[in-house]
Amino acid sequence: MNRRDFWKLVLISSLISTGLVLFFLRWPSPPPTRAEFDQSDALTFDTTLSEEEEVNIRIYETLSPGVVNVISTTVDYNFFLEPIPREGVGSGFFLDSQGHIATNYHVIQNAARLEVTIYGQTESHKATVVGTDPANDIAILKIDCPKEGCRPLKLGKSNDLKVGQRVLAIGNPFGLERTLTTGIISSLGRTIQSRSGVIDEVIQTDAAINPGNSGGPLLNTRGEVIGINTAILSRSGDYAGIGFAVPVDTLTRILPDLLEYGKVLRPYFGVQGRRLDARLAKALRGPELRLDIPVDEGFLVEVVRPGGTADRAGILGGNERVFWNFRPLIVGGDIITELGGVKIRSADDIDNVLEDKRPGDSIEITYYRNGKKITKQIELVGRDTPSRRFRF
């Protein structure tokens, strides 16, 4: 084969290849096949919603408009003293149609600006603080209700709750608005430490409570508020199966004071001291001090504050400073053993007894002085009660 015949063969082969390519490109592709499966034999249950599900749905649809998202803005400062605003979120719920909102104190603590968003609305409403009670971690806010109105939730009672009772929590965990979780009351009468004291009679629940739920309502199956979600027990900071709520009876009791005075009018006892136990009592009776200590348990008063209930009642503080267990101790003062029929071992015990009392109430106190037992009625006074005697 000469060169000319070779190039003819190459040309013919190229033309044939090009034609075949064009032919197959223009040939219509077959339609894609669709996967088919038959579910005619799949298992199903011909049931309607359960009664529990219907209750959950009804409560959520009816009451979630009464739950609000609380946005608090605090101001921090960097190394150059430049202000840096920081936002936090929490929950709350309407108490009335005038715009009063209940939430946690720690949600709004140190806030420079407070805003509230309402169900079904995108714009926020400026909120003002009406009253706070750090001891119970409760705060009351107020907004100007929009034209659609504010939808309050009904306050129930918490003194007749039972362990095992089903509860629901509505809130804004992690800023996810109006999230519903359910559970049961897993314990009652818990005591937790708040940032400003001790909260008694706390409700424990396994309903999921996460950051952002604080201040939201804990509800019973009648749709009544039985508590204010306030804290979780967790090592990570997220829900771990145990949450706590301030009982609604506490809110009901202090609400009139918060609305009228902006704070709770509590009696002021005005003592400083320490727990007396058998070990300390033995040391005080020892050869070095030889004090007359007739009891092994109580509250040893070291200092009495002027103008308080203890001062008015004639309770005496210590008069001698000693060292015990490498710590300074003022001895010689009265030993309080009972207040209002309740055994007293610490300052927290005194605060707990006075929590539901008012200035002007009378209460029975039992204490020991110089080995003698004294029981008498005393009048409780508040911090703002003017003193009846001069102190120099």
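Residues numbered from 1 in each chain as written. Predicted model: local features only at pLDDT ≥ 70, side-chain atom pairs only at ≥ 80, totals over all residues. Heavy atoms only, no water.

### A short note on unusual backbone geometry
- Within the chain, N110 stands out as a residue other than glycine whose phi angle is a positive 65°.
- Positionally, N110 belongs in the loop between helix 3 (105-108) and strand 4 (113-117).
- The phi angle at E201 is positive, at roughly 55°, despite the residue not being glycine.
- Position of E201 among the secondary structure elements: in strand 10 (residues 197-205).
- The exposure class of E201 is exposed, given its relative accessible area of 53%. (Helix = DSSP H or I, 4+ residues; strand = E, 2+ residues; numbered from the N terminus. Buried < 20%, exposed > 50% of the residue type's maximum accessible area, 1.4 Å probe, protein only.)

### Description of the state of the cysteines
- The tally for this structure, following the rule as stated, stands at one disulfide.
- Each disulfide pairs two cysteine sulfurs, and for C145 the partner residue is C150, the sulfurs being separated by 1.9 Å. Judged by the sign of its S-S torsion, about -120°, the bond between C145 and C150 is left-handed.
- Overall, the relative accessible area of 8% leaves C150 in the buried class. (Disulfide = S-S within 2.5 Å.)

### A short note on the pattern of salt bridges
- Throughout the structure, instances matching the rule amount to nine salt bridges.
- A salt bridge links E224 to R222; the shortest N-O distance between them is 3.2 Å.
- Accessibility expressed as a relative area gives 63% for R222, which makes it exposed.
- Among the salt bridges present, the one from E355 reaches R266, with a minimum N-O distance of 3.0 Å. One end of the pair, E355, is in the loop between helix 7 (347-354) and strand 20 (362-369); the other, R266, is in the loop between helix 4 (248-261) and strand 14 (271-276), with 89 residues separating them in the sequence.
- Judged by relative accessible area, E355 falls into the buried class, the value being 19%.
- The network of salt bridges with common partners includes D133, R253, R266 and E355. (Salt bridge = Lys/Arg side-chain N within 4 Å of Asp/Glu carboxyl O.)

### Here we look at the confidence of the model for the protein
- This prediction gives the protein a mean pLDDT of 84; 83% of its residues lie at or above 70.
- Looking at the elements of the protein, mean pLDDT is at its lowest for helix 1 (residues 3-26), recorded as 68, and at its highest for strand 3 (residues 100-103), recorded as 96.
- Low pLDDT, under 50, characterises residues 385-392; the predicted model gives this stretch eight contacts beyond four residues in sequence or across chains. (pLDDT = per-residue confidence, 0-100. Contact = heavy atoms within 4.5 Å.)

### A word on helix 7
- Taken together, the buried positions of helix 7 are I350, V353 and L354. Projected down its long axis, helix 7 shows its buried positions confined to an angular sector of 95°, all on one face.
- On its buried face, helix 7 is in contact with strand 14, strand 15 (298-304), strand 18 (335-339), strand 19 (342-343) and strand 20. (Arc of directions from axis to C-beta.)

### Considerations on the pairing of strand 16 (residues 320-324)
- Pairing of strand 16 with strand 17 (residues 327-331), which is carried by five bridges, proceeds in the antiparallel orientation. From the neighbouring strand, V322 faces strand 17, where its bridge partner is L329.
- The antiparallel hairpin formed by strand 16 and strand 17 contains two residues in its connecting segment, where N325 sits at a positive phi of about 60°. (Pairing = 2+ DSSP bridges.)

### Quick word on the side chain of S91
- Secondary-structure assignment places S91 in strand 2 (residues 83-94).
- Among the polar contacts listed, one links the side chain of S91 to the backbone nitrogen of N172, at a separation of 2.9 Å.
- Apart from the residues within four sequence positions on either side, S91 is in contact with V68, V70, T103, G171, N172, G212, N213, S214, G215 and G216. (Polar contact = N/O pair within 3.5 Å; in protein donor to acceptor, adjacent residues only side chain to side chain.)

### Brief notes about the pairing of strand 4
- Pairing of strand 4 with strand 5 (residues 124-126) involves three bridges; the strand directions are antiparallel. Following the sheet pairing, V116 is matched in strand 5 by H125.
- Taking the residues that link successive antiparallel strands as the turn, the strand 4-strand 5 hairpin has six residues, and the phi of G120 there is positive, at about 80°.

### Thoughts on the layout of surface pockets
- In this structure, the largest pocket encloses a volume near 1200 Å³.
- Taken together, 45 residues make up the lining of the largest pocket; nearest its centre are A135, R266, D351, L354 and E355.
- At the level of elements, strand 6 (128-133), strand 9 (179-194), strand 10, helix 4 and helix 7 are the ones that each hand at least two residues to the lining of the largest pocket.
- The greatest single-element share of the lining of the largest pocket, amounting to seven residues, is contributed by helix 7. (1 Å grid on protein atoms, 1.4 Å probe; cavity = no way out; pocket = protein on both sides within 12 Å on 5 of 7 lines; lining within 4 Å. Points joined across faces, edges and corners; volume = space filled by probe spheres on them.)

### Section: the side chain of S214
- Looking at the element boundaries, S214 is found in the loop between strand 10 and strand 11 (217-219).
- Within polar-contact distance, the side chain of S214 engages the side chain of H106 at 3.2 Å.
- In this view, S214 contacts G90, S91, T103, N104, H106, V107, N229 and T230; residues no more than four positions away in its chain are not counted.

### Things to note about the nonpolar core
- F93, L95, I138, I140, L153, L219 and L251 are the most contacted members of the largest nonpolar core, which has 26 residues in total.
- The set of elements that each furnish at least two residues to this core consists of helix 2 (51-63), strand 7 (138-142), strand 8 (166-171), strand 10, strand 12 (225-232), strand 13 (243-247) and helix 4.
- With five residues, the single largest contributor to this core is helix 4.
- Residue contacts for I140: discarding those within four places in its chain leaves L95, H100, I101, A102, T128, V129, V130, G131, L251, L255, L258 and L259.
- Formed by 19 residues, the second largest nonpolar core is a distinct cluster that contains V304, V353, L354 and I363. (Core = buried A, V, L, I, M, F, W, Y, C linked by side-chain atoms within 4.5 Å.)

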